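Secondary and tertiary structure notes
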Amino acid sequence: MVHTVIVQPDVDDNPGIADRLDAFASLLELADANPYTARAYRRAAETIRAAPVPVAQLVRTGRVRQLRGIGPGIEARLRELVETGTIAELAELERELAPGLIGLGRYLGLGTKRAVEIARALDVRTADELREAIATGGLRDVPGVGPKTEAQLREALAREGEPRPQRGLVLTRARELVHGIAAAVDGEAAGDVRRWRDANERLAVVCAASDPSPLLERFTALPQIVAVIEQAGRRAVGVTVEGVPIELVVAEPERFGTALVRATGSPAYVAALEPLPDAADETLVYDALGLLWCPPELREEPFRGEPPALLEPDDIRGDLHCHTTWSDGRASVEEMARAAIERGYEYIAICDHTPAVGAVQGLTADDVRRQGEEIAAANELLAPFRVLRGIECDILADGRLDLPDDVLAELDWVQASVHGGQRMPRREMTKRVEEALRNPHVSCLSHPTGRLINRRPENALDLERVFEVALEEGIALEVNGLPDRLDLRGEHVRDALRAGVPIVCSTDAHSVRGLGNMELSVHTARRGWATPADVVNTRTRENLRR
Ligand SMILES: [Zn+2]
Ligand SMILES: [Zn+2]
């Protein structure tokens, strides 16, 4: 079943407007438009989704450009959307680019261009027609498609039960997608997102109804779903224009808890609990099994015994890694501090970059001292809240730090970071980091493995050795909350804690909004079984040091 995606948004509803801008961004990307434009639309969508006021009203009163990231171009599109209920260029791109076809193609592993070429050669215009052509061997007639590709596509199409995207989605994107769909069908987000995985493959929503048809229909008509790849009984799998499959399970109300447990845990975790009893909610399922309810983050590997009392977002008393306009941040020291106060924190550490970071401006010894004066002034203004003088100091290739010891000695909090030269062999990299951790002024090792999800692998670093040295020197390891870092990741957090090394949950915020990534860091730490006592920034300021 395929439908066109001309579902009109409720333009008085911020998420509805944001969804249209997101769709526009995706299609601009497909049309090979200027990538900067697509990104600008995505950012605008994010801003609108989070806006505390009705954006349609701002548009009507000519005040929408007061929102960050909304310039004249985007304002014009928004006015068109609010006044006419549609964006003409978006509708045109949708017709031209056949998102259902593209979404299915991407899901099967075809690039956009290739999918469009194949569709043209076969003269097919919809996802259903493409499926039909692949299933009936029509691809043999397409120039450039060999028997191997054809076999792969047929196999991908026949892959049933557990559809997966070509690669895992970054947590923020996956959460936005799954929670958006869950809200639209009155369901619960399940799958990898509910376990706060770093790269999300199983995207699933579970809802409850005796008759599944109305919800399945609502699901397949959502603007996010461009084609349906499976539908049977109480389950459907739709695919987004990016080729990401999302599963909807409509459970009978008296079995909702059972379905939610099945759709949340890893296959190994769920298998160890089977056969699952039927129950209307999760607590009843665990009760019937004679177990305590298990936080979703721990539902990876089967385990015996009680889950510990994990770290909670409210346990966090401050953020120890934030940037300002002194380096590559967007807000001033005072703005960051006020935002931290609003979040209920007691302290924040300002950790701007040092010169060796290269791509952005870094602070010299002189700068650090001048920033210290600004921080002192902020502290006078904001007491008893405390702005800590910190730094994100580069670890040079030989393990020395990028600022002299006497400057580091003045600071309250020193993050040490590897930025350049990340391809070093394991022994050299480990020595480099070890050397830096021996510096008595270092408080914490930032984003220890240096990975960027889907873009850069982990550095060749002997983490076991790093844990030993950190323990000896009283240094904490960071759980960096940037969505494409989440570094340390859950498994490594668990290893660090087992070795006796404390962690810090930080955001590495480069803006006021960036402070919101604390939840990503906290839930990543929970995946590593962290309790409040394991986390340095659950402590009061007086107890921060060692
Ligand atoms: Zn960094
Ligand atoms: Zn940073």
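Refer to the structure printed above.
These notes cover the structure that comes with them.

Thresholds, definitions, all that
- Residues numbered from 1 in each chain as written.
- Chains lettered and ligands numbered in written order.
- Predicted model: local features only at pLDDT ≥ 70, side-chain atom pairs only at ≥ 80, totals over all residues.
- Heavy atoms only, no water.
- Helix = DSSP H or I, 4+ residues; strand = E, 2+ residues; numbered from the N terminus.
- Buried < 20%, exposed > 50% of the residue type's maximum accessible area, 1.4 Å probe, protein only.
- Contact = heavy atoms within 4.5 Å.
- Areas by Shrake-Rupley, 256 points an atom, 1.4 Å probe, with all protein chains shown as cover.
- Polar contact = N/O pair within 3.5 Å; in protein donor to acceptor, adjacent residues only side chain to side chain.
- Donors = N, O, S within 2.8 Å, 3.2 Å for Na, K, Ca; no water.
- Pairing = 2+ DSSP bridges.
- Core = buried A, V, L, I, M, F, W, Y, C linked by side-chain atoms within 4.5 Å.
- Patch = residues over 30% accessible without salt bridge, like charges linked within 9 Å, V, L, I, M, F, W, Y side chains within 5 Å.
- Salt bridge = Lys/Arg side-chain N within 4 Å of Asp/Glu carboxyl O.
- Lys, Arg positive; Asp, Glu negative; His and termini not counted.
- Charge placed at Lys NZ, Arg CZ, Asp CG, Glu CD.
- Axes fitted to C-alpha atoms, helices over the stretch in contact; angles between N-to-C directions.
- Phe/Tyr/Trp six-rings, centres within 6.5 Å; stacked < 30°, edge-to-face > 60°.
- Right-handed = clockwise from strand over helix to strand, strands pointing away.
- Disulfide = S-S within 2.5 Å.

With that settled, the discussion passes to the overall build of the chain. When you go through the chain residue by residue, the secondary structure sums to 22 helices and 14 strands. In terms of overall dimensions, the chain has a C-alpha envelope of 70 × 60 × 45 Å along the principal axes. With 546 residues in all, the chain has 54% of them scored as buried. Here the contacts in the chain between residues at least 6 apart in sequence split such that 68% fall between residues at least 24 apart. When the accessible surface of the chain is split by element, carbon and sulfur atoms take 49% of a total near 23,800 Å².

Relative to the elements of secondary structure, Glu282 occurs in helix H15 (residues 282–289). With a relative accessible area of 6%, Glu282 lands in the buried category. Within polar-contact distance, the side chain of Glu282 engages the side chain of Arg194 at 2.8 Å. Setting aside residues up to four positions removed in sequence, Glu282 forms contacts with Arg194, Gly257, Leu260, Val261, Thr264, Trp293 and Arg299.

Distances from the zinc ion (ligand 2) to its protein donors, His321 (NE2), His323 (NE2), Glu392 (OE) and Asp508 (OD), fall within 2.1 to 2.2 Å. Mapped onto the sequence, the donors of the zinc ion (ligand 2) take the spacing H-x1-H-x68-E-x115-D. The distance between the zinc ion (ligand 2) and the zinc ion (ligand 1) comes to 3.6 Å, and Glu392 binds to both of them. With His323 in the loop between strand S8 (318–322) and helix H16 (333–342) and Glu392 in strand S10 (residues 386–394), this pair connects stretches of sequence that are 69 residues apart. The pair His323 / Glu392 is uniform in exposure class, with both members buried.

Attention shifts here to the coordination of the zinc ion (ligand 1). Angles between donor atoms at a metal ideally measure 109.5 degrees for a four-coordinate tetrahedral arrangement and either 90 or 180 degrees for a six-coordinate octahedral one. All of the protein donors around the zinc ion (ligand 1) are Glu392 (OE), His419 (NE2) and His447 (NE2); their distances to the metal are 2.1 to 2.2 Å. Here the donor residues for the zinc ion (ligand 1) map to a single chain with the spacing E-x26-H-x27-H. Under the relative-accessibility criterion, Glu392 is labelled buried at 1%. His419 sits in the buried class, given a relative accessible area of 17%.

The subject of this paragraph is the pairing of strand S6 (residues 235–239). With four of five residues buried, S6 is to be regarded as a mostly interior element. The pairing of strand S5 (residues 227–232) with S6 spans five bridges and is antiparallel. Bridging across to S6, Val228 finds its partner in Gly238. The hairpin turn running from S5 into S6, its antiparallel successor, is two residues long, and Gly233 in that turn takes a positive phi close to 60 degrees. Inspection of the sheet shows S6 paired to strand S7 (residues 245–251) by five bridges, in the antiparallel sense. Each bridged residue has a counterpart across the sheet, and for Val239 the counterpart in S7 is Pro245.

In terms of nonpolar packing, the biggest core is built from 61 residues, with Ile348, Val387, Ile391 and Leu477 touching the most fellow members. Counting 56 residues, the second largest nonpolar core, distinct from the first, contains Val59, Leu67, Leu81 and Leu104.

Moving on: the environment of Ala476. Note that Ala476 resides in strand S13 (residues 476–480). Taking relative accessible area as the criterion, Ala476 reaches 4% and is therefore assigned buried. Considered as a pair, Ala476 and Pro457 are 19 residues apart in the sequence and their alpha carbons are 22 Å apart. With residues up to four places along the chain from it excluded, the contact list for Ala476 reads Ser443, Cys444, Leu445, Pro502, Val504 and Val536.

A few words on a positive patch on the surface. Side chains of Arg39, Arg43, Arg68 and Arg330 sit close together on the surface and give a patch of like positive charge. With respect to the helices and strands, the residue Arg68 is situated in the loop between helix H3 (55–60) and helix H4 (72–84). Its relative accessible area of 54% is what places Arg68 among the exposed residues.

Now for the sheet that holds strand S14 (residues 503–506). Ordered in space as S8-S9-S10-S11-S12-S13-S14, the seven strands form an open sheet in which the pairing is parallel. Strand pairing shows two members of the sheet lacking a second neighbour, S8 and S14, which therefore form its edges. Where strand S9 (residues 347–350) meets S10, four bridges bridge the pair, whose relative direction is parallel. Paired with Tyr347 across the bridge in S10 is Arg386. Contacts from H16 reach S8, S9 and S10 within the one sheet, and its direction differs from that of S9 by about 150 degrees.

Throughout the structure, instances matching the rule amount to two aromatic pairs. Ring centres of Phe24 and Tyr41 lie 4.9 Å apart, and the angle between their planes is 75 degrees; on these two criteria the pair is classed as edge-to-face. You can see Phe24 sitting in helix H1 (residues 14–30) and its partner Tyr41 sitting in helix H2 (residues 35–50), a full 17 residues away along the chain. A relative accessible area of 1% means that Phe24 is categorised as buried. Using a relative accessible area of 6% as the deciding quantity, one classes Tyr41 as buried. Ring centres 4.9 Å apart and planes at 75 degrees place the aromatic pair Phe303 and Trp529 in the edge-to-face group. Here Phe303 is found in the loop between H15 and S8, whereas its partner Trp529 is found in the segment after helix H22 (518–527), with 226 residues between them in sequence.

This part is about the pairing of S14. Alternating residues of S14 divide into Ile503 and Cys505 and Val504 and Ser506, and every residue in both groups is buried. You can see the chain leave S13, run along helix H21 (residues 490–498) and come back into S14, and the turn it takes is right-handed.

Once that is clear, we can look at the state of the cysteines. Enumeration over the complete set of coordinates arrives at zero disulfides. For Cys294, which is in no disulfide, the shortest distance to another cysteine sulfur is to Cys505 and amounts to 19 Å. Left without a disulfide partner, Cys505 is nearest to the cysteine sulfur of Cys444, which lies 10 Å away.

Further remarks concern the sheet that holds strand S2 (residues 188–189). Strand order in this open sheet of five strands is S2-S4-S7-S6-S5, and the pairing throughout is mixed. Two strands close off the open sheet at either side, each with one partner strand: S2 and S5. The sheet contact formed by strand S4 (residues 204–208) and S7 spans five bridges and is parallel. Counterpart to Ala208 in the pairing with S7 is Ala251.

Bringing unusual backbone geometry into the picture now. The omega torsion across Glu274 and Pro275 is 0 degrees, close enough to zero to call that bond cis. Structurally, the position occupied by Pro275 is in the loop between helix H14 (267–273) and H15. Following Asp487, the chain continues into Leu488 via a peptide bond in cis, with omega recorded as 0 degrees. Structurally, the position occupied by Leu488 is in the loop between S13 and H21. In this model, Asp123 sits at a positive phi of 55 degrees, which is unusual for a non-glycine residue. Looking at the element boundaries, Asp123 is found in the loop between helix H7 (112–122) and helix H8 (127–135). Its relative accessible area of 61% is what places Asp123 among the exposed residues. With a phi angle near 65 degrees, Trp529 is a residue other than glycine that sits in the positive phi range.

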